[in-house]
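Per-entry structural report
In case you want the letters, here they are:
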Amino acid sequence: MATTRSIPLLKRLIARSQPSRSVTYMHRPGAGSPRPDGSPRQVTLIPGDGIGPLATNAVEQVMEAMHAPVYFEKFEVHGNMKKFPEEVLDSIRRNKVCIKGGLATPMGGGVSSLNVFLRKELDLYASLVNCFNMKGLPTRHDNVDIVVIRENTEGEYAGLEHEVVPGVVESLKVITKFCSERIASYAFEYAYLNNRKKVTAVHKANIMKLADGLFLEACREVAQKYPDIQYNEIIVDNCCMQLVSRPEQFDVMVTPNLYGNLVANTAAGICGGTGVMPGGNVGAEHAVFEQGASAGNVGKDSMVKKKTANPVALLLSSAMMLRHLQFPSFADRLENAVQRVILDGKVRTKDLGGSNTTQEVVDAVIHALAR
Amino acid sequence: MASKVRSSSTLLKRFLATRLNQSRSVTYMPRPGDGAPRAVTLIPGDGIGPLVTGAVEQVMEAMHAPVYFEKFEVHGDMKAVPPAVIESIRKNKVCLKGGLATPMGGGVSSLNVQLRKELDLYASLVNCFNLPGITTRHDNVDIVVIRENTEGEYSGLEHEVVPGVVESLKFCSERIAKYAFEYAYLNNRKKVTAVHKANIMKLADGLFLESCREVATKYPGIKYNEIIVDNCCMQLVSKPEQFDVMVTPNLYGNLVANTAAGIAGGTGVMPGGNVGAEHAVFEQGASAGNVGSGKEVEEKKANPVALLLSSAMMLRHLQFPAFADRLETAVKRVILEGRYRTHDLGGTSTTQEVVDAVLDALN
C-alpha cells in the first residue's frame, strides 16, 4: 500500500533536507589551484563610492572565510574622476572578471557616467538581473522569478546629445540590428542553458516604430531558432502594470537599454528591493559583477556613516561570479549561507525592515557558512 | 491512524514535488556562446555497452542538450584502439563509452586500460552514494573514490624470471594526491583518506603515502588520514559513513570502488569517469559488470542508470549545469518511485522501460 510506505519515506526525506552532497562535479585538474605559471586566479575589485566599499569589503571577508580560490586586485576608482584609469581597464582585460561597487555619477554638468563608460569600453553588452522572492522576506507578490536581460551599450544611453539652438536639445536613441541581435541571442541562450520556458520582449514599437521595430525584428528572428522556448512581446507601459499586478507571468525578459533599467528596478523592488537582487554585466570576453539593479548602488550618506548598507546583493552577485569562474560548490555554499540568514530573519538591514549594520549581516553569513 | 497515514501520503507527494522540482533562483550568467553544441566522442563498446549508450543518446535528444555525438565502433578484441578514435577524443576532449570486453590471459592488454594510458587519464573517479528509494544494508554512504589510473599494479610490466616465476612491477606517482585534495576543496568535502599497504610494500606504497602527506599540508582545512587496505575493506562493509573522499593507487582503487559501489546499490547505478590534464572519458563508475552477461544483452535488461548519471557528470564537466540537474533529478525520481527497475535493483524492467520512465520524468 503506497500510504503505509510513505511515512518512513517522508521522515527520511525531511531528515535529508540539508543540501545533498551527491552532485558530482569532476573538475579539470588544476581548476582549484593557481595557474601553471604560478599566478593566482585574480579578480579585479573596484570598491567604488558611497556604500560601495562597505559592500565589497563584505565580499572580501566572506571569500576569505570560505578560502575561496579567488584573489582580488583592488583599485580605487571614483565617479568624479575625469576618466577611467587605464591601469584598471588593463587589469580587467587581463583578469576577464571584475566585481565592483557603484560609482557616483554627478547630475548634469556634462560628466558622463563611469559605470556606463566601463560597460561600453569593455563591450559588456548584456546586463542581467535576477529578481526572485527570497524565503523569509515577505513581499506583496509571490512566485516571482524574473531574469531581466538588458541591452547595455546603445539605445537611449548612446550619449549623443546636442543643443540644436539655445533652448532646444536633441537626444539621439540609437538602435542597431547588430546589437539587438546579440542581446536577443544572449537572452535565448540564457533561457536555453537555464531551463527557462519563456522570453518576453519589452518595447514601445507602437510609438518608436523604427527603433523598437528593429529590436523586435531581431528578437523574432532569434526566437525561431529556439522552437522550445515561448516568445511573446509586451509594450513597456503595460509591462510595468503587469509587473506590479501579476509578476508571476514573466520569466526571462529582454529589453533595450532604458526600459531595462526601469523594468529591472521595478522587478527588484517587488521582490524585496535592490539591496538583495544579484546581477552582472557580460560581454564576449569579460564579465563585471555588481549589485543587480542600479538604484541605490551608491546609497545615502547616512547609510555610509552608520555603516548600514545591505551587503546581500553584492554577496549574491559574488556567488554568481563564483559560478561564472566555474566554482559551483563555493557558489552554492555562499548562496545557502546568505539564504539561511535571510530566512532566519534575525539579522537584517534597514531596507529589509531590520536595524542591523553591514558587519552584523556579514558575521551572520560567515557563521552560517560554518554550519 | 488512517487519516494520519492518508495525510502523510499527500504530504509526501507535495514534498516530493517541491524537493525534486528545482528552485529556479540559482543564477548562472553564461558567457555569450556557451550554448553552442559541443561534440562528444561516443564509443558504444561491447556487451551491454550499446544498450546503455543508446539510453544516453535518447535522453540527450529528448532534453535538446547542446551535445552531439561522434560515434565509433571499438571492440575489446581489436589489437589496439583505432587511431581515428584517439584523434576524435583528442579533438573533442570529452568522450562517453560503454565497457570494452577484455579477454582473459592470452597476453592481450585491455583496451580500456590502453585508452586511459594513451590519453594519460590519470585519475579515475567514482561517486558511491545511497540513492533515495533503493534500500541497502548501509545508510549515509557518500564516498568518492579517486583512483590512480595509469601505473601501480596495472603498469603491465610483468616478466617471467624463470619458467614458473613471474615478477610484476609496480610504480607510484604523486599527481593523484593533488587531484584528490583539489577535488575535496572544490566540492566542499571534509576528509581525504589514503588507502595503502605500506606495511608490506614499504617502498612503493611508502612513496604514495609520502606524496599524500606532502599535499595534505597544503590543504589545512581538509582532514587527512591513512588506512591499510585490508582494514579499509572491512570498515567499508561495517561503517561506511566514516569515509568521504578516498585516494588510492590503481589496484586497491579498483577493489575499493567496486566494494563501495556494491554497498550503495551496485555498479549498475554509480556514476564515474576518468580525467587527465586535457581529456575526460565518462563511463559506468565502477568497472564490474560494465560489459554485462550474455543474458542481459539478449533480454535487453541492462541498467542504464550508471551511464545516465555519468552523462550528467559529463554535462557538468562541459559547463551545462542546468541540463545536468534536470537529468539527475529525472533519474532520481524514477529510482525513488521504484516502479521501473532492472534486475540488479530487484525489478524486472527492460532498459527501454527505464529510459522511457526517465524521459517521462524529464517533463
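Residues numbered from 1 in each chain as written. Chains lettered and ligands numbered in written order. Predicted model: local features only at pLDDT ≥ 70, side-chain atom pairs only at ≥ 80, totals over all residues. Heavy atoms only, no water.

**Looking at the environment of Asp-332 of chain A**
Structurally, Asp-332 of chain A is set in helix α11 (residues 328-344). Along the backbone, Asp-332 of chain A and Leu-322 of chain A are 10 residues apart, and their C-alpha atoms lie at a distance of 9.1 Å. (Helix = DSSP H or I, 4+ residues; strand = E, 2+ residues; numbered from the N terminus.)

**Quick word on the nonpolar core**
One recurring pattern in soluble globular proteins: nonpolar side chains tend to sit buried together. Core analysis: the biggest nonpolar cluster contains 185 residues, and Leu-322 of chain A together with Met-60 and Leu-315 of chain B have the highest contact counts within it. What Leu-315 of chain B contacts, discounting residues up to four positions off in sequence, is Met-60, Met-63, Ala-65, Val-67, Phe-320, Phe-323, Ala-324 and Leu-327 of chain B. If you look at the next biggest cluster of nonpolar residues, it comprises 14 residues, including Phe-75, Phe-84, Val-88 and Val-288 of chain A. (Core = buried A, V, L, I, M, F, W, Y, C linked by side-chain atoms within 4.5 Å. Buried < 20%, exposed > 50% of the residue type's maximum accessible area, 1.4 Å probe, protein only. Contact = heavy atoms within 4.5 Å.)

**Regarding the packing of aromatic side chains**
In the structure shown here, the tally under the stated rule is 11 aromatic pairs over all chains. Connected via pairs of aromatic rings, a cluster forms that spans Phe-188, Tyr-192, Tyr-226 and Tyr-231 of chain A together with Phe-320 and Phe-323 of chain B. (Phe/Tyr/Trp six-rings, centres within 6.5 Å; stacked < 30°, edge-to-face > 60°.)

**Considering a nonpolar patch on the surface**
Residues and elements named next belong to chain A. Side chains of Val-164, Val-165 and Val-168 sit close together on the surface and give an oily, nonpolar patch of about 220 Å² of accessible area. Inspection of the secondary structure assignment puts Val-164 in strand β6 (residues 155-165). What makes Val-164 partly exposed here is its relative accessible area of 44%. (Patch = residues over 30% accessible without salt bridge, like charges linked within 9 Å, V, L, I, M, F, W, Y side chains within 5 Å. Areas by Shrake-Rupley, 256 points an atom, 1.4 Å probe, with all protein chains shown as cover. Salt bridge = Lys/Arg side-chain N within 4 Å of Asp/Glu carboxyl O.)

**Topic: the confidence of the model for chain B**
Predicted coordinates in regions of low pLDDT should not be interpreted in detail. All names here are of chain B. Per-chain confidence: chain B averages 85 in pLDDT, with 87% of residues scoring 70 or above. Within the model, pLDDT remains below 50 along residues 15-23, and this stretch shows 14 contacts once partners closer than five positions in the same chain are excluded. Two summary scores accompany this predicted model of the complex, namely pTM at 0.80 and ipTM at 0.71. (pLDDT = per-residue confidence, 0-100.)

**Looking at helix α4 (residues 114-121) of chain A**
All names here are of chain A. Listing the buried residues of α4 in full gives Leu-114, Asn-115, Val-116, Leu-118 and Arg-119. The inward-facing, buried residues of α4 abut α3 (86-95), β3 (97-100), β6, β11 (278-282) and β12 (287-291). The distance from a side-chain oxygen at the start of α4 to the backbone nitrogen of Asn-115 is 3.1 Å, and the residue carrying that oxygen is Ser-113. (Polar contact = N/O pair within 3.5 Å; in protein donor to acceptor, adjacent residues only side chain to side chain.)

**What to know about the environment of Arg-175 of chain B**
Residue and element names in this part refer to chain B. Mapped onto the fold, Arg-175 is located in helix α5 (residues 175-186). Taking relative accessible area as the criterion, Arg-175 reaches 30% and is therefore assigned partly exposed. Along the primary structure Arg-175 and Ala-36 are separated by 139 residues, whereas in three dimensions their C-alpha atoms are 33 Å apart.

**Description of unusual backbone geometry**
All names here are of chain B. Located in the positive-phi region is Lys-93, a residue other than glycine, with phi close to 75°. One can find Lys-93 in the loop between α3 (83-92) and β3 (94-97). Non-glycine residue Asp-120 carries a positive phi angle of around 50°. With a relative accessible area of 33%, Asp-120 lands in the partly exposed category.

**Digging into the environment of Gly-49 of chain B**
Residues and elements named next belong to chain B. Looking at where Gly-49 falls in the secondary structure, it is placed in helix α2 (residues 49-63). A residue is classified by how much of its surface remains accessible, and Gly-49, at 0% relative accessible area, is buried. C-alpha separation for the pair Gly-49 and Val-291, spaced 242 residues apart in sequence, amounts to 6.1 Å. Ignoring sequence-local partners within four residues, the contact set of Gly-49 consists of Pro-44, Gly-98 and Gly-99.

**Brief notes about the packing of α3 of chain A against α4 of chain A**
All names here are of chain A. In the contact formed by α3 and α4, the axes pass within 12 Å of each other and the chain directions differ by 45°. In this view, α3 runs oblique relative to α4, as classed from their interaxial angle. Here the hand of the crossing between α3 and α4 comes out right-handed. Contacts between α3 and α4 involve Leu-89, Ile-92 and Arg-93 on the former and, on the latter, Phe-117, Leu-118 and Glu-121. Classifying every residue of the contact of α3 with α4 gives 4 nonpolar, no polar and 2 charged. (Axes fitted to C-alpha atoms, helices over the stretch in contact; angles between N-to-C directions. Parallel < 35°, antiparallel > 145°, perpendicular 65-115°, else oblique. Left-handed = near helix turned anticlockwise from the far one by under 90°. Nonpolar A, V, L, I, M, F, W, Y, C, P; charged D, E, K, R; others polar.)

**Focus on the state of the cysteines**
In this structure the tally under the stated criterion is 0 disulfides over all chains. The cysteine Cys-240 of chain A is free of any disulfide, with Cys-239 of chain A supplying the nearest cysteine sulfur at 5.4 Å. By relative accessible area, which is 28% here, Cys-240 of chain A ends up partly exposed. Between Cys-232 of chain B, a cysteine without a disulfide, and Cys-233 of chain B, which holds the nearest cysteine sulfur, the sulfur-to-sulfur distance is 5.4 Å. Classification of Cys-232 of chain B by relative accessible area gives buried; the value is 0%. (Disulfide = S-S within 2.5 Å.)

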